[in-house]
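# Residue-level structural notes
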Amino acid sequence: MTSKNDSYHHGNLRDSLIDVAIEILQAEGKSGIKMREIGKRIGVSQSAAYRHFSDKSALLAAVATRGFDKLTDELRTVRNSQYSSLVEQVEQMGVIYIIFAVEHAAQYRLMYGTEAIRSDEYPELAQATRNMAREYFRMVKRCQEAGLMKGQSPIELLNVMWSATHGAAMLVIDGFIKTDDVEQFARNVVNYVDTGIRKL
């Protein structure tokens, strides 16, 4: 039988470090993440952890990258799905965005909040950020080509949608908007935004 520690020597340690960092982040916040503690929880030395991440910031960048990758996968699933209309697809993407941000609030803060990691210092994070934006961009282009969104620039429309979903998510995360039904709140936001865009 292969032991858990044996598996770390076959390339799983990096992912395990990220997994544990996310658990600590959600429970204790950014200040709770310490390389020594993460290594201890996994059962490896601190030096083993540092072989994968040069410092705490590098680990946090990987946590943010993981968040972008997960959100991108969820958005791509919607874009490739068989919803009855493009309008439903673009609205569902907005709903998923808001729900993801609220349900992964601590991780989302590393992605776009006040604790965001500078992506220009970490190529993988920068690429993950672009990948997520492209999913939205492609959907906006499809809607424009179908005559569902007017406007001249898909980037401008994308920025309007992003501003609305990000702003709505942060207001819930920071407690300025209180709701027992995040999904319905998200649907209300994206529906109003989508209606306004289509009238441009």
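### Notes on empty space enclosed by the protein
Under the counting rule described, the total for this entry stands at one cavity of 30 Å³ or more. Here the largest cavity defines a volume of roughly 90 Å³. Taken together, Val-90, Glu-91, Gly-94, Tyr-136, Met-149, Met-161, Ala-164, Thr-165, Val-190, Val-193 and Asp-194 make up the lining of the largest cavity. For the lining of the largest cavity, the secondary structure elements donating two or more residues are helix H5 (86-103), helix H8 (154-173) and helix H9 (182-198).

### Looking at the nonpolar core
Ile-33, Ile-38, Phe-53, Leu-59, Leu-71, Tyr-136 and Met-149 are the most contacted members of the largest nonpolar core, which totals 64 residues. No other element matches helix H4 (residues 56-79), which puts eleven residues into this core.

### Focus on H5
An ideal rise of 1.5 Å per residue puts 26 Å on 18 residues; H5 measures up with 26 Å between its terminal C-alpha atoms. With 15 of its 18 residues buried, H5 lies for the most part within the structure.

### Comments concerning the environment of Val-140
Tracing the sequence through the fold places Val-140 in helix H7 (residues 123-145). With 17 residues separating them along the chain, Val-140 and Leu-157 place their C-alpha atoms 7.4 Å apart. Every residue in contact with Val-140, bar those within four places of it in the chain, is listed here: Met-149, Pro-154, Leu-157, Leu-158 and Met-161.

### Here's the deal with the packing of H5 against H8
At a minimum axis distance of 9 Å, the contact between H5 and H8 shows a crossing angle of 30°. Comparing the axis directions of H5 and H8 gives the class roughly parallel. The crossing of H5 and H8 is right-handed. Counted together, Val-90, Gly-94, Tyr-97, Ile-98, Ala-101 and Val-102 of H5 and Met-161, Trp-162, Thr-165, His-166, Ala-168, Ala-169, Val-172 and Ile-173 of H8 form the full contact between these two elements.

Analysis parameters
Residues numbered from 1 in each chain as written. Predicted model: local features only at pLDDT ≥ 70, side-chain atom pairs only at ≥ 80, totals over all residues. Heavy atoms only, no water. 1 Å grid on protein atoms, 1.4 Å probe; cavity = no way out; pocket = protein on both sides within 12 Å on 5 of 7 lines; lining within 4 Å. Points joined across faces, edges and corners; volume = space filled by probe spheres on them. Helix = DSSP H or I, 4+ residues; strand = E, 2+ residues; numbered from the N terminus. Core = buried A, V, L, I, M, F, W, Y, C linked by side-chain atoms within 4.5 Å. Buried < 20%, exposed > 50% of the residue type's maximum accessible area, 1.4 Å probe, protein only. Expected span 1.5 Å × (residues − 1). Contact = heavy atoms within 4.5 Å. Axes fitted to C-alpha atoms, helices over the stretch in contact; angles between N-to-C directions. Parallel < 35°, antiparallel > 145°, perpendicular 65-115°, else oblique. Left-handed = near helix turned anticlockwise from the far one by under 90°.

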